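Secondary and tertiary structure notes
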Amino acid sequence: MTFRPKFISFDCHGTMIYFDMAGAARDHYGAQLSPEQMDVFIRDFSAYRLDEVLQDFKPYAEVVHNALERTCKRNGVAFDPAVAVEIYNRVPTWGPNPDVPAGLSRVAEEFPLVALTNSMNEQIPHNIAKLGAPIAHVLTAESAGAYKPHMQPFEYMFDTLGCGPEDVLHVSSSFRYDLMTAHDLGITNKVWVNRGHEPANPYYGYTEVPDISHLPAVLGL
């Protein structure tokens, strides 16, 4: 890649941070469900979180609460609001995927890094502090007034940084939350971090890497 972006923007949870909603769900419901039922529960929980963020903006605690309540109902499991609170409170404790600190630090030597995150303002500093690399701008869903995959967070990023889609390299492990919207908004320079969350989709035009440690090479570093 010969393109030198003005900014490199990143999805945070899942791409940089090890986003362990599946583990949190297993901790609370694994004793009640068979392994096969637990896999279905985790899949539903993920799907309902996406559906919740596609609606009007609400605090992320409500996203988790509503998604978990709907998942429990669908799977015939008793819902306890305290479990939703406990899972939500875990999010700031999660640290980076193992490949992130070294790769991110190398890239940060050459480019300003931006976290474009579906997070609340009070949550994300705890995650960012664990990355081991300087993040020049942290832009949250709360500040944007919308969650990805809505376009509004990306437009908020452009307005905040004073740039356009042609100035950004966007990095994410998710098509549904990030790369599809980035494509629709004209961000032609994209990197897909293949963490196994979703299948490849070449239509959306990206450079694929297995993890963040390969990102410096993509940028010729």
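Relevant structure appears above.
Residues numbered from 1 in each chain as written. Predicted model: local features only at pLDDT ≥ 70, side-chain atom pairs only at ≥ 80, totals over all residues. Heavy atoms only, no water.

Relative to the assigned elements, His13 resides in the loop between β1 (7-10) and α1 (21-29). A distance of 3.1 Å separates a polar atom in the side chain of His13 from a polar atom in the side chain of Asn127. (Helix = DSSP H or I, 4+ residues; strand = E, 2+ residues; numbered from the N terminus. Polar contact = N/O pair within 3.5 Å; in protein donor to acceptor, adjacent residues only side chain to side chain.)

With that settled, the discussion passes to the packing of aromatic side chains. Considering all chains together, one arrives at ten aromatic pairs under this definition. Ring centres 6.1 Å apart and planes at 55° place the aromatic pair Tyr60 and Tyr147 in the tilted group. Residue Tyr60 is located in helix α3 (residues 60-75), and its partner Tyr147 is located in the loop between α7 (141-144) and α8 (152-161); the two are separated by 87 residues in the primary sequence. Neither Tyr60 nor Tyr147 differs from the other in exposure class; each is buried. Ring centres of Phe175 and Trp192 lie 5.0 Å apart, and the angle between their planes is 45°; this geometry places the pair in the tilted category. Of this pair, Phe175 sits in helix α9 (residues 175-184) while Trp192 sits in strand β5 (residues 190-193), and the two are 17 residues apart along the sequence. Trp192 carries the same exposure label as Phe175, and that label is buried. Taken together, the aromatic side chains of Phe175, Trp192, Tyr203, Tyr204 and Tyr206 make up a single cluster linked through ring pairs. The positively charged end of Arg49 is found above the aromatic ring belonging to Phe45, 4.6 Å away from the centroid. (Phe/Tyr/Trp six-rings, centres within 6.5 Å; stacked < 30°, edge-to-face > 60°. Buried < 20%, exposed > 50% of the residue type's maximum accessible area, 1.4 Å probe, protein only. Lys NZ or Arg CZ within 6 Å of the ring centre and 35° of its normal.)

Turning to the environment of His183, a few remarks are in order. Note on placement: His183 falls in helix α9. Distance in space between the C-alpha atoms of His183 and Ile135 is 23 Å, their sequence separation being 48 residues. Once you skip the residues sitting within four places of it in the chain, His183 turns out to touch Lys190, Tyr203 and Tyr204. (Contact = heavy atoms within 4.5 Å.)

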